[in-house]
Amino acid sequence: MTLLRGLLIAAILMVPACDNIRYPGDGRDDEYNPEIPPGAPGPAPPAEPVDDPYDTGETDEGPVSDPLDTPDPDPETDPSTDPDPLDPVDTDDPDTVPDPTEPVDTETPDPTETDAADPEGPDAVDPTETDAADPEEPDPADLDPADPSDSTPVTDTPDPEPEPVVVFSYVEPGQLLQGSGTGTIETEAVFAPDMRFPIKSAPAYLQSQVWMFGGGIKGGDQCDPRNYQYPWRDNFCETRSSNRNSPYCPVSRIHQGQDIRVGTAEGCNQLRRTNAAERALYEVVAAEDGIIQSIGTYTVSLRAGPRVYKYMHMNMRALQVSSGDTVTKGQTLGYVSNDFGGTPTTFHLHFELLQNTAEGGWVHVPPYTSLVSSYEDRESGIGEKIEATIGVASTPPPIPEGFVIIE
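Given the structure is predicted, the values throughout are model-derived calculations rather than measurements.

Conventions used here
Within each chain, residue numbers correspond to sequence positions counted from 1 in written order. Totals for whole chains, interfaces and linings use every residue, but because this is a predicted model, local features are given only for residues with pLDDT of at least 70 and side-chain atom pairs only at 80 or more, for both listing and counting. To obtain the side-chain values, all non-hydrogen atoms of the structure were used and water was disregarded. Helix and strand assignments come from DSSP, with helices taken as H or I runs of at least 4 residues and strands as E runs of at least 2, each series counted from the N terminus. Accessibility here uses a 1.4 Å probe with only protein chains present; expressed as a share of the type maximum, an area under 20% marks a residue as buried, one over 50% as exposed, and anything in between as partly exposed. Multiply 1.5 Å by the residue count of a helix minus one, and that product is the helix's expected span. By definition, residues are in contact when any of their heavy atoms lie within 4.5 Å. Take the buried residues of types Ala, Val, Leu, Ile, Met, Phe, Trp, Tyr and Cys, join any two whose side-chain atoms come within 4.5 Å, and each joined set is a nonpolar core.

A.B. asks: How should I be thinking about unusual backbone geometry in this particular structure?
C.D. replies: In this model, Tyr230 is joined to Pro231 through a cis peptide bond whose omega is 10°. Mapping Pro231 onto the fold places it in the loop between β4 (204–206) and β5 (258–262). With phi around 60°, Arg253 is a residue other than glycine that occupies positive phi space. When you line up the elements, Arg253 lands in the loop between β4 and β5. Residue Arg253 is classed as partly exposed on the basis of its relative accessible area of 43%. Positioned with a positive phi, His313 is a non-glycine residue whose angle comes to about 75°. The exposure class of His313 is buried, given its relative accessible area of 1%.

Here it is as structure tokens:
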């Protein structure tokens with residue numbers, strides 16, 4: 001009973017104390033700030049004065065500068081104020097100013113995925129494939145031909161050399177018809193490389209006039225079509241009865257020139273039907289610039305520097321030049337015929353080439369290779385050289401005993 005009475009008295013004494021409990025914002029007008037009695041428990045007073053949080057910074061000497069309060073830098077003198085050219089920020093636009101409260105992305109990039117460090121990356125540029133050095137060419141279909149600026153430069157490409165055209169064939173030099181003699185020992189030299197072929201335009205066939213059709217050994221008709229076929233045949237050094245020589249022939253008593261049959265079998269028959277003085281079907285021309293040195297019974301000699309060209313069996317009554325005339329290369333001298341001073345021969349041109357040599361003076365040289373070269377020039381083609389055993393005539397008959405060959 002005594003314990004119950006004591007608890008009741010203690011509760012009555014605590015009611016006034018609770019009434020004096022205060023807290024900020026409790027709505028009471030009076031302020032409760034009792035002083036702490038000396039010796040009461042609490043924090044120790046500071047040893048030094050504490051800065052007044054409401055201090056304005058004013059002193060007797062003037063305002064005090066705050067080390068944390070630094071002035072704004074001058075954008076014209078401080079390079080640190082320059083905006084990053086790779087990430088410009090418009091400070092007047094609140095949407096472009098980074099929010100300091102947002103977390104900063106501090107993710108470190110993977111060095112293995114850096115385009116600048118990887119030359120083979122997707123954005124790597126091949127220095128050999130720059131647009132500036134190799135601009136894309138426009139489609140020719142999109143160009144306007146009327147606009148001179150709208151065109152693609154054209155690179156001139158030289159045309160390939162055309163394949164040479166074979167215009168005739170000839171048996172190699174020095175290979176005479178079997179039984180007609182021994183050919184020249186000089187088979188490659190071209191003694192007159194710049195000469196003009198002596199027949200102006202008609203087709204020509206170099207061959208023997210004695211061992212072919214119509215000749216004294218072969219017999220037959222000189223207008224036989226087989227006389228107007230290729231290949232050509234050399235007949236320099238061919239056997240003759242008279243004592244004629246050349247240092248380029250291995251034996252004496254030789255033919256000193258090259259016989260040239262001209263035209264066609266039909267032309268041959270036309271000449272035969274024409275009066276001898278009026279034969280003028282096939283023109284003969286000067287091989288080089290020169291002077292008509294002499295005119296004989298059936299020979300015209302043309303002097304051209306170190307060479308002399310002799311033309312035989314032309315129509316001597318229809319010559320276009322006189323002795324002493326100056327002529328030019330390609331000028332007409334006369335016409336093909338068969339004049340031989342009364343001795344019969346075939347329609348052809350006998351052509352000789354003499355050259356002045358230091359060793360032997362004026363000598364007959366092989367004209368066959370010079371005629372091949374000049375015919376190629378005239379025909380704007382080439383001659384096909386064939387071996388003597390290919391496509392040549394059959395072996396001619398031997399020279400009859402006592403037969404005289406003077407042509």
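Don't stop here, the text continues.
A.B. asks: Looking at this structure, how should I read helix α3 (residues 368–379)?
C.D. replies: Since one α-helical turn is 3.6 residues long, residues separated by three or four positions face the same way. Look at α3: 17 Å from first C-alpha to last across 12 residues, which is about the 16 Å you get at 1.5 Å a residue. Counted residue by residue, α3 has 10 buried out of 12 residues, so it is predominantly covered. Those residues of α3 that fall on the buried side of the exposure criterion are Tyr368, Thr369, Ser370, Leu371, Val372, Ser373, Ser374, Tyr375, Glu376 and Arg378. Close packing links the buried residues of α3 with β3 (166–171), β4, β5, β12 (349–357) and β14 (382–386).

A.B. asks: What is the right way to look at the nonpolar core in this model?
C.D. replies: Most often, soluble globular proteins have nonpolar side chains that are buried together. Phe197, Ile199, Trp232, Ile260, Tyr309 and Tyr311 are the most contacted members of the largest nonpolar core, which totals 45 residues. Those elements giving two or more residues to this core turn out to be β3, β4, β5, α2 (265–273), β8 (299–304), β9 (307–312), β12 and α3. For this core, the element with the most residues is α3, which contributes 4 residues. If we skip the residues at most four places from it in the chain, Phe197 touches Ala204, Leu206, Trp232, Val285, Leu371, Ser374, Tyr375 and Arg378. Among the nonpolar cores identified, the runner-up in size contains 6 residues, and Leu177, Met212, Ile217 and Ile405 belong to it.

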